[in-house]
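Understanding the architecture of this molecule
The chain contents come next:
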Amino acid sequence: MAALPVLAADYKEAPTLATSVKAGQLPSVDKRLPEHPEVVKPLNAIGTYGGQLRFGLRGSSDHNHILRMVGNQGLVRWDPEYTKIVPNVAEKVDVSPDGKVFTFTLRKGMKWSDGKPFTADDILFNVNDLILNAEFAAPQPRYMTGGVPMKVEKIDDATVKFTFTEPYGDFLAELASPLGQHPVLYAKHYCSQFHPKYNANIADTVKANNASDWKNLFLQKCGDIEIPARWGNVDRPTLDPWMVKDAYTGGATRVIMVRNPYFWQVDTDGNQLPYIDELNAPIAQDVESLILAAIGGRIDFGLRHLDAPANRAVLAENRTKGGYEMFEASAVGGTNMVINLNLMSKDKELRELFNKKDFRIALSHGMNRKEIIDTALLGDGEPWQNGPFENHPNFHKRIATQYLEYDEAKANALLDGLGLTKRGPDGTRLLPSGKPIKFKIDVIPTLQPEQVDMLQLIERQWAKIGIDMDVNSLERTFFYERTSNSNDHDAAVWGGQASWVPGEIPQQIVPVHHDSRWGIPWVQWYKTGGKQGEEPPASVKERMKLYDEARATTDPEKRRALMLKIADIAADEFEVFSVTKALPTYGIAKTNLKNVPATMPSSWYYPTPAPTLPQTWFWAK
């Protein structure tokens, strides 16, 4: 962070806003900014104002792509290198020596996008009336220690104190993640009208908006972090660099976002950010349309959906035609596809089978990873199971490298050893009931298209050892409903990038998140303190306990030791398995789009590219 401009008079603004100020439609820039705006040093150069940035959305459920572009504007954020947490909406944070109390100093004079003050009262509304309100939603583990929710106290309009019953070393990392925005997500002066505590006529408001209840109404109008409705209301105030003009609603063909005149960052010369006037996100129905738009020069920045290995050659060949360069999104660890057999399947026979460790080992040995890498990933990859890379302090050799070798004979011997010796006419092994061993693996084909190609090869490979697996492609909303919400799946795949750092949920070694599709009822048990879901076995409960201890400690070495202990147990159990190391992927940025890094971390928890601060990108004249 650099020094502030000498005087408020040194602040400068976009020409479009200066015109509005001159016309009396906006206050002057010094009155729109907080007393201490965050001063950001751009990557390479001070920018110039103006222009439009185009990026492509895929269908009606690509809301997290918007989040990644405008940023997760929480109290704190990750730095661009993904190495440390820095203040963001908060001007500073103080942590008590025991790791239980977090005091946030807000930016005095800061405002929402409609010009109304942002104060500690907004945080109290978000925490007490929503986060910790069981009528709205079950309190999330990230806001609890020892099963007890945090308490928030207003010291003054610009100071709030969060207090936990136990040490919570991971709290700031949780706030820096995309899912940690809740304390500052909603403007009280606007969103309180949809809350029964503040609206005596809430039943009438619910009825007038054709909502089922006040919670449904609230989500309609104010959204949530991971639902499209967050970007569906142009009247909802925000702290983001850009605000919605053309909403992300059913039937929309594009989303337009325009600069927030009250955005609270400036560059080192005192220019209010963002530099770029407008984000324009056309909505395509398939990835092929996005690729054509990119090579036709109609996408200015793209990573999500474009970065499949199969797209790399055509994007590279058309750089001159499309007027762009390629940048690297480097993997932080882990794997690009984890296979989760549903160990809590509603099908009793499948559940019993999936819970046999030798069955899972047999499937791992029955995968020819070299063939998958050479064919589906164009030869780019290295066999890998799970966890951080070798150069990371959290590297765990056994969980990363066990049962990788392709050995059809060993796979068959393991299956025979389980008593699965009888086969049907097509060679498929039979369950004790006489039914064939047949199950589906759910996948979202538009998220990482190569996953479908990989699964189709695995389908053929497993057929050789008598296992009938079908690839079940689903639209993202249906995928989540069938897997994370309803637990109706046999098995599912998901990206498994992992380094087990603070704030990153280790969902493939301990089931504490909706992406832990190998044990969703255990996730529900953990999240609700045993009130819902199903009680997990001892080895899972032990990991949950260790994970809570790891999240609590403020000692990095103690945290690392606890995570490796979790990995020891997960390696013993071998619940999930994978194909190859997560690879760097490649996106595109127009040649004259400046301050875009040549390489950036690729992670949802980061989340790419938000911490590189797209509000500092600009068009060279």
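Here the structure is shown first, and the text comes after it.
Presented here is an overview of the structure given in this document. Values in this document were obtained by computation on a predicted structure and should not be read as measured data.

Remarks on the overall build of the protein chain
The helix and strand tally for the protein chain stands at 21 helices and 26 strands. When its C-alpha atoms are laid out on the principal axes, the protein chain stretches across 85 × 60 × 50 Å. Buried residues in the protein chain amount to 58% of all 621 residues. Long-range contacts, defined as pairs at least 24 residues apart, comprise 70% of the intrachain contacts of the protein chain with a sequence gap of at least 6. As displayed, the protein chain offers around 24,100 Å² of accessible surface, 52% of which is attributable to carbon and sulfur atoms. Positive and negative charge centroids in the protein chain, built from 71 and 77 side chains respectively, lie 1 Å apart.

Quick word on the nonpolar core
Of all hydrophobic cores here, the largest spans 159 residues; its most connected members are Phe-104, Phe-162, Phe-359, Phe-439 and Trp-462. Per element, the largest residue contribution to this core is eight residues, and it comes from helix 21 (residues 556-573). Grouped together as the second largest cluster of nonpolar side chains are twelve residues, Val-287, Ile-299, Tyr-324 and Ile-588 included.

Regarding the layout of surface pockets
Estimated volume of the largest pocket: approximately 1,500 Å³. If you list the elements that add at least two residues to the lining of the largest pocket, you get helix 3 (63-70), helix 4 (120-131), helix 8 (214-222), helix 18 (476-485), helix 19 (520-527) and helix 20 (538-552). Ranked by the residues each element gives to the lining of the largest pocket, the list is headed by helix 18, at six residues. Among the residues forming the lining of the largest pocket, the class breakdown is 20 nonpolar, 14 polar and nine charged. Estimates place the volume of the second largest pocket at around 770 Å³. Surrounding the second largest pocket, 30 residues form its lining, Trp-78, Tyr-82, Thr-83, Val-501 and Pro-502 being those nearest its centre.

A short note on the packing of aromatic side chains
Under the criterion given, the structure shown has 32 aromatic pairs. A ring pair is formed by Trp-112 and Phe-118, whose centres lie 5.5 Å apart and whose planes are at 80 degrees; its orientation type is edge-to-face. Both residues of the pair, Trp-112 and Phe-118, belong to the buried class. When the ring of Phe-479 is compared with that of Trp-494, the centres are 5.8 Å apart and the planes differ by 20 degrees; the resulting orientation is stacked. With Phe-479 in helix 18 and Trp-494 in strand 21 (residues 491-496), this pair connects stretches of sequence that are 15 residues apart. As far as burial versus exposure is concerned, Phe-479 and Trp-494 are alike and both buried.

Some thoughts on the sheet that holds strand 18 (residues 335-341)
Reading across the sheet, the five strands line up as 20-19-21-18-22 and stay open at both edges, with mixed pairing between neighbours. Pairing within the sheet leaves two strands with one partner each, and these edge strands are strand 20 (468-473) and strand 22 (577-578). Where strand 18 and strand 21 come together, five bridges link them in antiparallel fashion. Note on strand 21: the bridge partner recorded for Leu-341 is Ala-491. Contacts from helix 18 reach strand 19 (438-443), strand 20 and strand 21, with the element oriented near 115 degrees to strand 21.

Notes on the sheet that holds strand 16 (residues 301-302)
Spatially, four strands are ordered 16-23-17-25 in an open sheet, and the strand pairing comes out mixed. Of all strands in the sheet, those bounded by a partner on one side alone are strand 16 and strand 25 (599-602). With four bridges joining them, strand 17 (residues 324-331) and strand 25 adopt parallel strand pairing. Directly across from Ala-331, in strand 25, lies its bridge partner Ser-602. Where helix 10 (residues 309-317) meets the sheet, it contacts strand 17 and strand 23 (585-590), and its direction lies at approximately 150 degrees from that of strand 17.

With respect to empty space enclosed by the protein
For the coordinates displayed, the defined rule picks out seven cavities of 30 Å³ or more. Put simply, the largest cavity is a space of about 900 Å³. Arg-68, Gln-448, Gly-495, Gln-497 and Trp-604 are the residues nearest the centre of the largest cavity, which is lined by 46 residues in total. Mapped by element, the contributors of at least two residues to the lining of the largest cavity are helix 3, helix 10, helix 18 and strand 21. Here the lining of the largest cavity is built from residues that sort into 20 nonpolar, 17 polar and nine charged.

Topic: the environment of Asp-374
Mapped onto the fold, Asp-374 is located in helix 14 (residues 369-376). Polar contacts involving the side chain of Asp-374 include one to the side chain of Lys-370, which spans 2.7 Å.

Quick notes on the packing of helix 14 against helix 17 (residues 450-463)
As a packed pair, helix 14 and helix 17 sit with axes 10 Å apart at the nearest point and diverge in direction by 140 degrees. Viewed along their axes, helix 14 and helix 17 form a crossing whose handedness is right-handed. Packed against helix 14, whose contacting residues are Glu-371, Ile-372, Thr-375 and Ala-376, the element helix 17 presents Glu-450, Asp-453, Met-454, Leu-457, Ile-458 and Gln-461 at the interface. Along the lines of polarity and charge, the residues of the contact of helix 14 with helix 17 split into five nonpolar, two polar and three charged.

So, the environment of Lys-221
Along the chain, the position of Lys-221 falls in helix 8. Other than its neighbours up to four places away in sequence, Lys-221 contacts Tyr-190, Phe-194, Asn-209, Asn-233 and Arg-236.

Some details on helix 18
Every buried residue of helix 18 is listed here: Arg-476, Phe-479, Tyr-480, Thr-483 and Ser-484. Down the axis of helix 18, the sector holding all buried residues measures 95 degrees, keeping them to one side. Buried residues in helix 18 make contact with helix 3, strand 19, strand 21 and helix 19. Two to three positions downstream of the cap, the backbone nitrogen of Thr-477 sits 2.9 Å from a side-chain oxygen, assigning the N-cap of helix 18 to Glu-475. Of the residues trailing helix 18, Asn-487 is marked for its positive phi of about 55 degrees.

Reading guide: rules and limits
- Residues numbered from 1 in each chain as written.
- Predicted model: local features only at pLDDT ≥ 70, side-chain atom pairs only at ≥ 80, totals over all residues.
- Heavy atoms only, no water.
- Helix = DSSP H or I, 4+ residues; strand = E, 2+ residues; numbered from the N terminus.
- Buried < 20%, exposed > 50% of the residue type's maximum accessible area, 1.4 Å probe, protein only.
- Contact = heavy atoms within 4.5 Å.
- Areas by Shrake-Rupley, 256 points an atom, 1.4 Å probe, with all protein chains shown as cover.
- Lys, Arg positive; Asp, Glu negative; His and termini not counted.
- Charge placed at Lys NZ, Arg CZ, Asp CG, Glu CD.
- Core = buried A, V, L, I, M, F, W, Y, C linked by side-chain atoms within 4.5 Å.
- 1 Å grid on protein atoms, 1.4 Å probe; cavity = no way out; pocket = protein on both sides within 12 Å on 5 of 7 lines; lining within 4 Å.
- Points joined across faces, edges and corners; volume = space filled by probe spheres on them.
- Nonpolar A, V, L, I, M, F, W, Y, C, P; charged D, E, K, R; others polar.
- Phe/Tyr/Trp six-rings, centres within 6.5 Å; stacked < 30°, edge-to-face > 60°.
- Pairing = 2+ DSSP bridges.
- Axes fitted to C-alpha atoms, helices over the stretch in contact; angles between N-to-C directions.
- Polar contact = N/O pair within 3.5 Å; in protein donor to acceptor, adjacent residues only side chain to side chain.
- Left-handed = near helix turned anticlockwise from the far one by under 90°.
- Arc of directions from axis to C-beta.

The quantities given are spatial measurements derived from coordinates; they are silent on function.
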